[in-house]
Amino acid sequence: MEKTPLSPKLDAAFDQIDLARRGAIDRTAILHQAGRVLSAFGQETSTARGRETIALYGWYWDCLSAHAGVPSDGRMTREEFGTAFQGAFIDGEKFAAVYTPMALATIRLADTDNDGYLVPAELARLWHAIGSSVDDITGAFTAVDADGDGRLSVLEVLDAIRDFYTSDDPASPGNMLYRQVARTA
């Protein structure tokens, strides 16, 4: 895959999954990421939320592997991941159908008081669980808090995630939220 402005972001997304730095990921690596999120928020894989999360992360992998031409039980390199992610979720039509439900389930896990919003501590815990590091959670949080109410709605977080993958503007809310992730790639 030719390097583009999106490349560091896709590399960062790959690195969130490939924490062992093996240079390739598989279904197990994706499911480990789901397990880290579940564990961070005190959910067992046997609960309804746990089963839903595992299933959605598995569906995400199935979509990626299909786009990469990799068997569902195969491995995917960084380049294959980037190409598949861009083809399925950025250029393709799978973001709303596959990525959004997975992200939504993950955000709902982070909403520990079930009020429909994330506060800075919940967001920081979530980012750590998915393999990100947000050094300045306050600045990132403020950038995404579009209405300035001191909490992030599910929609604000989903908009920031989509923005991260589609905006070239370094000051856009999604890029601000993920800025430490993209910088480390």
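Okay, so let's go over this structure. The structure presented is a predicted model; accordingly, all values stated were derived computationally and were not measured.

**Thoughts on the overall build of the protein chain**
Within the protein chain, the secondary structure is distributed over 10 helices and 4 strands. Secondary structure elements of the protein chain, listed N to C terminal, follow the sequence α-β-α-α-β-α-α-β-α-α-β-α-α-α. What you see for the protein chain is a C-alpha radius of gyration of 15 Å, in line with the 16 Å of a compact globule of 185 residues. Viewed in the frame of its principal axes, the protein chain has a C-alpha envelope of about 45 × 40 × 30 Å. Long-range pairs, those at least 24 residues apart, make up 60% of the contacts in the protein chain between residues at least 6 apart in sequence. Counting only carbon and sulfur atoms, one obtains 52% of the accessible surface of the protein chain, whose full area is about 8700 Å². Charged side chains in the protein chain number 17 positive and 27 negative. The centres of these two groups are separated by 5 Å.

**Some remarks on the side chain of Ser172**
The residue Ser172 is located in the loop between α8 (154–166) and α9 (173–177) in this model. Look at Ser172 and you get buried, because its relative accessible area is 5%. Separated by 2.7 Å, the side chains of Ser172 and Asp163 make a polar contact. With residues up to four places along the chain from it excluded, the contact list for Ser172 reads Asp163 and Ser167.

The rules behind these values
- Residues numbered from 1 in each chain as written.
- Predicted model: local features only at pLDDT ≥ 70, side-chain atom pairs only at ≥ 80, totals over all residues.
- Heavy atoms only, no water.
- Helix = DSSP H or I, 4+ residues; strand = E, 2+ residues; numbered from the N terminus.
- Rg over C-alpha atoms; globule rule 2.2 N^0.38 Å.
- Contact = heavy atoms within 4.5 Å.
- Areas by Shrake-Rupley, 256 points an atom, 1.4 Å probe, with all protein chains shown as cover.
- Lys, Arg positive; Asp, Glu negative; His and termini not counted.
- Charge placed at Lys NZ, Arg CZ, Asp CG, Glu CD.
- Buried < 20%, exposed > 50% of the residue type's maximum accessible area, 1.4 Å probe, protein only.
- Polar contact = N/O pair within 3.5 Å; in protein donor to acceptor, adjacent residues only side chain to side chain.

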